Structures are given as C-alpha cells and as structure tokens.
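Single-letter residue listing:
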Amino acid sequence: MAEADFQRELQMQVGATVLVCQEAERYLKALLPFMDSTLPSLAEALDRLGKLKRHPFGPLTEQFMDRSLSISDGIREQLAGLVNKRNNIVHHFTETYGAELRAGKHQQVLADLRTTFANLATLRNALAEAVAFLLEAIRDTVFTNTPEYEQMRELCASFRQALETRPDRSLA
C-alpha cells in the first residue's frame, strides 16, 4: 500500500472510531437517567440527562455497567476493553501504535483499528436499539391518551427510520 493511501486509510479509521464513540456516548447519555431506580419522575430523569452533558465515554460506560442489573463479568471486561482501546486511539495513538508504524506494520495497525471500529459500532447499534425501545416505552406509558402522543409517535418513528437507514449500518 502506498504511503499516501495508508495515511488516508489511517485517518479514516481513526475518524470513524471517534465518531462511533460520540454516537455511543450520546445513546448512553439518553439511557442512563432512566436506569437510575431512585429517580421517580420523568422530569427528574430529564434533569439528570442535562447533567450528563459533559461526561465522557469512559465514565458513562462505567455508570452503564454499574446500573445494569445482570451484566456478566465477560461483558464488563469487553466494555472496559473497548473504552481502553478507544482511549488508546484517541489519547495515546503514538504510544499504542508507534512501534508498529515505525516497523512498517501498516496492515496490522489498520486491521486493529477496523476491529475496534466494528466492536464499537456493535455497541453503538445495541445502545441505539435500547434508546428506541426506551422512547417507545415512554410513548406508550407516559404519553398515552395525551395531546403529545402523536408527536411522540412521530419522534419514535423518525428515530427508528434513522436507525434503519444509517449509511454505516452494514459496516458493523
């Protein structure tokens, strides 16, 4: 692979990883307020959503694991590994891949980045589905027989449509 082609692919893979993490982060922020059993009202959950605005991927993932009732040790390890991989790519790229890059192991670095992206995209997709189910549950409970029900129905439908037509859906 020519150096220019490698650089372009490398940048694309790193960028895709950053973007997929941002999407997963957004879905975690949408889910977490509703996973706290001490929040008795929708208003309080929405207030908590606002407080999560500046929380990054790693702490959000930890909160998700802490609040999940029956998460296995294996899933916990996989999620922690994904956070670590993401941090190594975003914050410690040179330390993580410098030796391989200097040794000319470009394909090995690209393969690792592609695998990390695929795993993060799978997490993102699962979180997106969970958010869709959450919105539909809120629609069918809180908004049933209210003037806002139709708006909530349209919101849920547009969210589902966006998930189904996402361009990278086949990549992950």
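Since the model is a prediction, treat every value here as computed from it, not as a measurement.

*Asks:* What is the right way to read helix H5 (residues 93-102) from this model?
*Replies:* Given 3.6 residues per helical turn, the α-helix brings residues three or four places apart onto the same face. Turning to H5, its buried residues are Phe 93, Tyr 97 and Gly 98. One side of H5 holds all its buried residues, which, seen down the axis, span an arc of 135°. Looking at the buried positions of H5, the neighbouring elements they touch are helix H1 (3-31), helix H4 (73-91) and helix H6 (106-141). The first or second residue beyond H5 is Gly 104, which carries a positive phi of 80°.

*Asks:* So what exactly am I meant to see when it comes to the pattern of salt bridges here?
*Replies:* Opposite charge on two side chains makes pairing possible when the charged atoms of those side chains draw close. Summed over all chains, the structure comprises 10 salt bridges. For Arg 160, the salt bridge is made with Glu 129, and the minimal N-O distance between the two is 2.7 Å. Of the two residues, Arg 160 is situated in helix H7 (residues 149-164) and Glu 129 in helix H6; the sequence distance between them amounts to 31 residues. The salt bridge partner of Asp 140 is Arg 139, with a shortest N-O separation of 2.6 Å. In the salt-bridge network here, residues are joined through shared partners; they are Glu 129, Glu 136 and Arg 160.

*Asks:* Any chance you could explain the environment of Leu 113 here in plain terms?
*Replies:* Topologically, Leu 113 is positioned in helix H6. Through-space distance from the C-alpha of Leu 113 to that of Arg 67 is 29 Å; in sequence the pair is 46 residues apart. Once residues within four sequence positions are removed from consideration, Leu 113 is found in contact with Leu 10, Gln 13, Val 14, Thr 17, Ile 89, Phe 93 and Tyr 97.

*Asks:* It is not clear to me how the packing of H1 against helix H3 (residues 57-67) should be interpreted in this structure. Could you clarify?
*Replies:* The N-to-C vectors of H1 and H3 enclose an angle of 40°; their axes lie 10 Å apart at closest approach. Classed by the angle they form, the pair H1 and H3 counts as oblique. The handedness of the crossing between H1 and H3 comes out as left-handed. Every residue of H3 that contacts H1 at Cys 21, Ala 24, Glu 25, Leu 28, Lys 29 and Leu 31 is listed here: Phe 57, Leu 60, Thr 61 and Phe 64. Considering only residue class, the contact of H1 with H3 consists of seven nonpolar, one polar and two charged.

*Asks:* I would appreciate a short explanation of the side chain of Thr 17 in the present structure.
*Replies:* Looking at where Thr 17 falls in the secondary structure, it is placed in helix H1. For Thr 17, the side chain forms a polar contact with the main-chain oxygen of Gln 13, separated by 2.9 Å. The residues contacting Thr 17, other than those within four sequence positions of it, are Ile 89, Leu 113, Phe 117 and Leu 120.

Criteria and thresholds
- Residues numbered from 1 in each chain as written.
- Predicted model: local features only at pLDDT ≥ 70, side-chain atom pairs only at ≥ 80, totals over all residues.
- Heavy atoms only, no water.
- Buried < 20%, exposed > 50% of the residue type's maximum accessible area, 1.4 Å probe, protein only.
- Helix = DSSP H or I, 4+ residues; strand = E, 2+ residues; numbered from the N terminus.
- Arc of directions from axis to C-beta.
- Contact = heavy atoms within 4.5 Å.
- Salt bridge = Lys/Arg side-chain N within 4 Å of Asp/Glu carboxyl O.
- Axes fitted to C-alpha atoms, helices over the stretch in contact; angles between N-to-C directions.
- Parallel < 35°, antiparallel > 145°, perpendicular 65-115°, else oblique.
- Left-handed = near helix turned anticlockwise from the far one by under 90°.
- Nonpolar A, V, L, I, M, F, W, Y, C, P; charged D, E, K, R; others polar.
- Polar contact = N/O pair within 3.5 Å; in protein donor to acceptor, adjacent residues only side chain to side chain.

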